[in-house]
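Observations on the three-dimensional arrangement
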Amino acid sequence: MTLAHSSVIIEPMSVKVSKGKRRYIQLAKRIAAQSQHDHFKHGAILVKGGSVINTACNKDQYKRFGNRFRNTRTCGHATHHAELGCILGIDRSRTQGATVYVCRTNKKGEFRMSKPCKMCEEILRFCGVKKVLYTTGNGNEVKNHKL
């Protein structure tokens, strides 16, 4: 059985994650579909205490804040990553101890690897986020990553 929402197909997850976590990954998938980036569609959800605090998709824009954390030898300019978008402007008291759910999809809406890059990991850690759950390119698998 698949669920459709605004022309995005959401497949049931094949890994053992709770219904709530599955719902957050599916929401991240819908957010990723809103990205106007041609090749990399990422969506991120900031969750704390069972409540969604913020959502964001990636954008092909320069962000000065992200440049503070990127490795200038291995990374291009810091675009507006979905992980950045969901925490920017949010008070640290709300990000402290929170979880971020990240999803990347291809043009067909299939999951792809969405493990946060080193820059995003540093920023999330800096803001007090404790855990990230992200999709992989291995079917509907979701990985749990503690920061």
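**Some words on the overall build of the protein chain**
Along the protein chain, the regular secondary structure elements total five helices and 10 strands. Residue burial in the protein chain is summarised as follows: out of 147 residues, 44% are buried. Here the contacts in the protein chain between residues at least 6 apart in sequence split such that 55% fall between residues at least 24 apart.

**Some thoughts on the nonpolar core**
Burial of nonpolar side chains together is a common tendency in soluble globular proteins. Judged by nonpolar contacts, the single largest core of 19 residues is most densely connected at Leu 46, Cys 86, Ile 87 and Val 100. Broken down by secondary-structure element, the contributors of at least two residues to this core are strand E3 (41-48), strand E4 (51-57), helix H3 (82-87), strand E7 (99-105), helix H5 (118-126) and strand E9 (131-135). Look past the residues within four positions of Cys 86 in its chain and what remains in contact with it is Ala 44, Ile 45, Leu 46, Asn 54, Thr 55, Ala 56 and Val 100. Core analysis: the next-biggest nonpolar cluster, separate from the first, contains 12 residues, Ala 28, Ile 31, Ile 45 and Leu 133 among them.

**Examining the packing of aromatic side chains**
Per the stated rule, a full pass over the model turns up one aromatic pair. Judged by centre distance (4.9 Å) and plane angle (45°), the ring pair of Tyr 24 and Tyr 101 falls under tilted. You can see Tyr 24 sitting in helix H1 (residues 19-33) and its partner Tyr 101 sitting in strand E7, a full 77 residues away along the chain. The residue whose ring lies beneath Arg 23 is Tyr 24, and the NZ or CZ to ring-centre distance is 5.0 Å. The ring centre of Phe 111 lies 4.9 Å from the NZ or CZ of Lys 29, which sits over that ring.

**Description of the pattern of salt bridges**
A complete count under the given rule lists four salt bridges for this structure. For Arg 125, the salt bridge goes to Glu 121, with nearest N and O atoms at 3.7 Å. Within this pair, Arg 125 and its partner Glu 121 are both found in helix H5, separated by four residues, close to a single helical turn. Residue Arg 125 is classed as partly exposed on the basis of its relative accessible area of 36%.

**Here we look at the confidence of the model for the protein chain**
Looking at the protein chain, the pLDDT average stands at 82 and 75% of residues meet or exceed 70. Across residues 1-15 the pLDDT falls below 50, and counting only partners more than four positions away or on other chains, this stretch makes 29 contacts in the model.

So, how was this worked out
Residues numbered from 1 in each chain as written. Predicted model: local features only at pLDDT ≥ 70, side-chain atom pairs only at ≥ 80, totals over all residues. Heavy atoms only, no water. Helix = DSSP H or I, 4+ residues; strand = E, 2+ residues; numbered from the N terminus. Buried < 20%, exposed > 50% of the residue type's maximum accessible area, 1.4 Å probe, protein only. Contact = heavy atoms within 4.5 Å. Core = buried A, V, L, I, M, F, W, Y, C linked by side-chain atoms within 4.5 Å. Phe/Tyr/Trp six-rings, centres within 6.5 Å; stacked < 30°, edge-to-face > 60°. Lys NZ or Arg CZ within 6 Å of the ring centre and 35° of its normal. Salt bridge = Lys/Arg side-chain N within 4 Å of Asp/Glu carboxyl O. pLDDT = per-residue confidence, 0-100.

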